[in-house]
Amino acid sequence: MAIVKFTANLKRFYPDLKPTQVQGETVSDVLEEIEKMHKGIKDYIVDESGVLRKHVNIFIDNELIKDRKRLTDPTGDNDEIYIMQALSGG
Amino acid sequence: MTVKNNLLLGTRKGLVVYRKNGQNKWTYDRPHFLGIPVTIATIDVNTGTWWALLDHGHWGCKVHRSSDGQTWEEIEAPKYPEGDEVKDGVPAVTKLLWAFSSAGADKSGEILIGTEPGGLFRSKDNGDSFELVRSLWDHPSRKEGWFGGGRDHPAIHSINVDPRDSDHVYVGISCAAVFETKDGGVNWEPRSKGLKADFLPDPSSEIGQDPHLVVMSQTNPDVMWQQNHCGIFKTSNGGELWEDVG
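Quick summary incoming for the structure in this document. All values derive from a computational prediction rather than experimental measurement.

### Quick word on the overall build of chain A
Thought 1: When helices and strands are counted, chain A shows 2 helices and 5 strands.
Thought 2: Reading chain A from its N terminus to its C terminus gives the helix and strand order β-β-α-α-β-β-β.
Thought 3: A globule of 90 residues ought to have a C-alpha radius of gyration of about 12 Å, and chain A, at 12 Å, matches this closely.
Thought 4: For chain A, with 90 residues in total, the buried portion stands at 28%.
Thought 5: In chain A, 49% of the contacts between residues at least 6 apart in sequence involve partners at least 24 apart.

### Let's talk about the sheet that holds strand β10 (residues 96–102) of chain B
Sheet strands associate in pairs through backbone hydrogen bonding, adopting either a parallel or an antiparallel arrangement.
All names here are of chain B.
Thought 1: With antiparallel pairing, 4 strands are arranged side by side in an open sheet as β10-β11-β12-β13. Of all strands in the sheet, those with a lone pairing partner are β10 and β13 (131–132), marking the two edges.
Thought 2: Where strand β12 (residues 120–123) meets β13, 2 bridges bridge the pair, whose relative direction is antiparallel. Bridging from a neighbouring strand, F121 pairs with L132 of β13.

### Observations regarding the pairing of strand β6 (residues 61–66) of chain B
Successive residues of a regular strand alternate their side chains across the two faces of the sheet.
Residue and element names in this part refer to chain B.
Thought 1: In this sheet, β6 lies alongside strand β5 (residues 50–55) in antiparallel orientation, the contact comprising 6 bridges. By the bridge assignment, W50 is partnered in β6 with S66.
Thought 2: Taken together, β5 and the strand that follows it, β6, pair antiparallel across an intervening segment of 5 residues, in which G57 is found at a positive phi of about 80°.
Thought 3: One ladder, built from 3 bridges, connects β6 with strand β7 (residues 73–75); its direction is antiparallel. Each residue of the ladder has a partner; that of V63, found in β7, is I75.
Thought 4: Here β6 hands over to β7 after 6 residues, with G69 in that stretch at a positive phi of 75°.

About the cut-offs
- Residues numbered from 1 in each chain as written.
- Chains lettered and ligands numbered in written order.
- Predicted model: local features only at pLDDT ≥ 70, side-chain atom pairs only at ≥ 80, totals over all residues.
- Helix = DSSP H or I, 4+ residues; strand = E, 2+ residues; numbered from the N terminus.
- Rg over C-alpha atoms; globule rule 2.2 N^0.38 Å.
- Buried ≥ 20, exposed ≤ 12 C-beta atoms within 10 Å, placed from the backbone.
- Contact = placed C-beta atoms within 7 Å.
- Pairing = 2+ DSSP bridges.

Keep in mind these values describe shape, not function.
Structural data, given as structure tokens:
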């Protein structure tokens, strides 16, 4: 199982968020599992077409995912998946 | 608690509420959604429901409603059906929730939300679900004739429901036109006669106008006003003709 860690900013909307172990073969699978635990959170991360929101990034360990449109990057046991927000502005 | 005793200010940093006290003075109440841009904040006079439409930036657009103005419930925001496109090859996704209206005094619990990229959504169950108003979205002028102005894509920023007849509705779309329906949204017609858009090859073009906020007189709904890049315009006949008034 992979472990998913979330940017602290998401805890404002989902106070119970914490690092969570999830089963899934791809990032998309992982998000579906997270959605079952925290209804509506997927809409914060991807838009209605399933594309990763512009200023949100997902890393698998130290690597930024490559497929932002369909989230097909594979995930494996012991992977650490980070859901991050990009900082912008001055 | 009546609607008239509340003043809701949607700001880039949250929703600020003032309430009228017993001495008829406005007093600061409290902020909501601190730090989050609030594009629309209003109270539906039909149901008493408070509405706040948010633009999180990072996290997308969200819809919140409240029955008491104190505690809020996030509900699923309007979503474009899979496969719908702004232009060929550009999937339609909700970029901004920019207009809100009750659908009329005789349609309690029915609401309308205008969005970028140009879709109008209707809910008949006070926000539990939304449906794209297909007739406007499929208007033959949309894909080729509507375009973004200050925003990347066309956007509905004004919804005016005729208080005499809730099937009679106007929406203002930048950049497209003011569109009118007289049959509850089955058919839509642009109402641009008299307007000018100096930025277009044909300034009097029916489509491609950039109405900004469109306001309807509540005592004489045939009268509306709009401001755009090229002036301030008034119609006294329900959009049949706009006159430049400044």
